[in-house]
Number of protein chains: 2
Amino acid sequence: MDATHPQLALDRQICLPLYAASRAVTRRYGELLTEVGLTYPQYLCLLALWDAGEPLAVGELGARLHLDSGTLTPVLKRLQSAGLVTRTRDRNDERRVLVAPTPEGRRMRERVADVPTRLVEGLAMSESDGRTLRRLLDRLIAELED
Amino acid sequence: MDATHPQLALDRQICLPLYAASRAVTRRYGELLTEVGLTYPQYLCLLALWDAGEPLAVGELGARLHLDSGTLTPVLKRLQSAGLVTRTRDRNDERRVLVAPTPEGRRMRERVADVPTRLVEGLAMSESDGRTLRRLLDRLIAELED
DNA sequence: CGCAATTGAATTGCACGCAATAGAGTTGCG
DNA sequence: CGCAACTCTATTGCGTGCAATTCAATTGCG
């Protein structure tokens, strides 16, 4: 490899480890989640809904997950087909669609409760490293989504 | 949100910021790369090929980018259609397909030389934070790809 | 040497991501 | 009130990612 444009050297890129690590984590989650029939984005949607404790509009869900309706609509339709969430027009604002977990969607919470734990086991990442990583990633997100 | 299974709280997940940051970076690269007609994975393939300085088999490229042939084959075909790389059976091992940049593929290096710089500008990430981030991500990748 | 096991790439099928656009509903301003 | 501007979700089109499978080429073992 030649010496011009050293900023193009593969081992100088931050973007590649970020991209590879994100996919590695998603892949590992995927392996654990197929056991209960979920994909990773579907799991994230449920996490956000459980967390909220009340129905969320598609846009509110998207704000929490940094995803838009183009991505969420088909994911939510699949969750609906699986009987895990309901999608209802907001009677107070017919533009909005409210998403809420069904009873079966709430039961799923128990079924995936051990997934984050199983994933973190086997990672040699300390509590402190985890906080550092989060802080750096959150800053990156904030700076890129202005 | 209820207090059971605190490990399922959305703001406790490392995976979500990792996923969101990776997509934010990829999206930003995508914006800069459309100017020259490249996608982010296509750009990564070219980076790896320029870096290697010699033809790479699909598998070797995949090892560098952590991608498999199922993903790479269509990406490489599009790069070939765009006239940026050649794909040739290895005469010494007909199972392998060697990928190499064309002259136009090499010229592309000049055209994207400012892309990483433009992306890093506007990020308030210090040299030291960048190294920390890389180290943590590389460890994560190593532990998940065993 | 002969052939079963292995390797490398391509193919298939499915689920994202995301830009761009469409289309329905709501708001705010004159 | 009327309607243009805006908001929210859905749709479209394209390019990944990835597991599973297929197919051809090579290797290694008896």
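The rules behind the values
Residues numbered from 1 in each chain as written. Chains lettered and ligands numbered in written order. Predicted model: local features only at pLDDT ≥ 70, side-chain atom pairs only at ≥ 80, totals over all residues. Heavy atoms only, no water. Salt bridge = Lys/Arg side-chain N within 4 Å of Asp/Glu carboxyl O. Helix = DSSP H or I, 4+ residues; strand = E, 2+ residues; numbered from the N terminus. Buried < 20%, exposed > 50% of the residue type's maximum accessible area, 1.4 Å probe, protein only. Pairing = 2+ DSSP bridges. Contact = heavy atoms within 4.5 Å. Axes fitted to C-alpha atoms, helices over the stretch in contact; angles between N-to-C directions. Least-squares fit on C-alpha atoms with pLDDT ≥ 70 in both.

**Student:** I would appreciate a short explanation of the pattern of salt bridges in the present structure.
**Tutor:** Side-chain pairs of opposite charge can arise where the charged atoms are in close proximity. Applying the stated criterion across every chain, the model contains 18 salt bridges over all chains. The partner of A:Arg96 in a salt bridge is A:Asp90, and the shortest N-O contact between them spans 3.1 Å. Between B:Asp129 and A:Arg139 there is a salt bridge; the shortest N-O distance is 2.9 Å. Here the residue B:Asp129 occupies a position in helix H7 (residues 127-144), and A:Arg139 occupies one in helix H7 (residues 127-144), the pair thus bridging two chains. Given a relative accessible area of 16%, B:Asp129 falls into the buried group. With relative accessibility at 25%, the residue A:Arg139 sits in the partly exposed group. Look at the salt bridges and you will find they share partners, linking A:Glu35, A:Asp114 and A:Arg118 into a network.

**Student:** How should I be thinking about the sheet that holds strand S2 (residues 85-90) of chain A in this particular structure?
**Tutor:** The strands making up a sheet associate through backbone hydrogen bonding, with each pair oriented either parallel or antiparallel. Residue and element names in this part refer to chain A. One open sheet accounts for 3 strands, arranged S1-S3-S2; its pairing is antiparallel. With one partner strand each, in any of the chains shown, strand S1 (56-57) and S2 form the two edges of the open sheet. Pairing between S1 and strand S3 (residues 93-101): 2 bridges, direction antiparallel. Within S3, the position partnered with Leu56 by the bridge is Val99. Contacting S2 and S3, helix H4 (residues 69-81) runs over the sheet at an angle of about 120 degrees to S2.

**Student:** How should I be thinking about the relation of the copies chain B and chain A in this particular structure?
**Tutor:** One copy of the chain maps onto the other through a rotation about an axis plus a displacement along that axis. Once chain B is rotated about the relating axis by 180 degrees and shifted along it by 0.0 Å, it coincides with chain A to within an RMSD of 0.0 Å. Overall, the copies show the geometry of a two-fold rotation axis. A high fraction, 100%, of the interface residues of chain B reappear at the interface in chain A, so the copies pair face to face through one surface.

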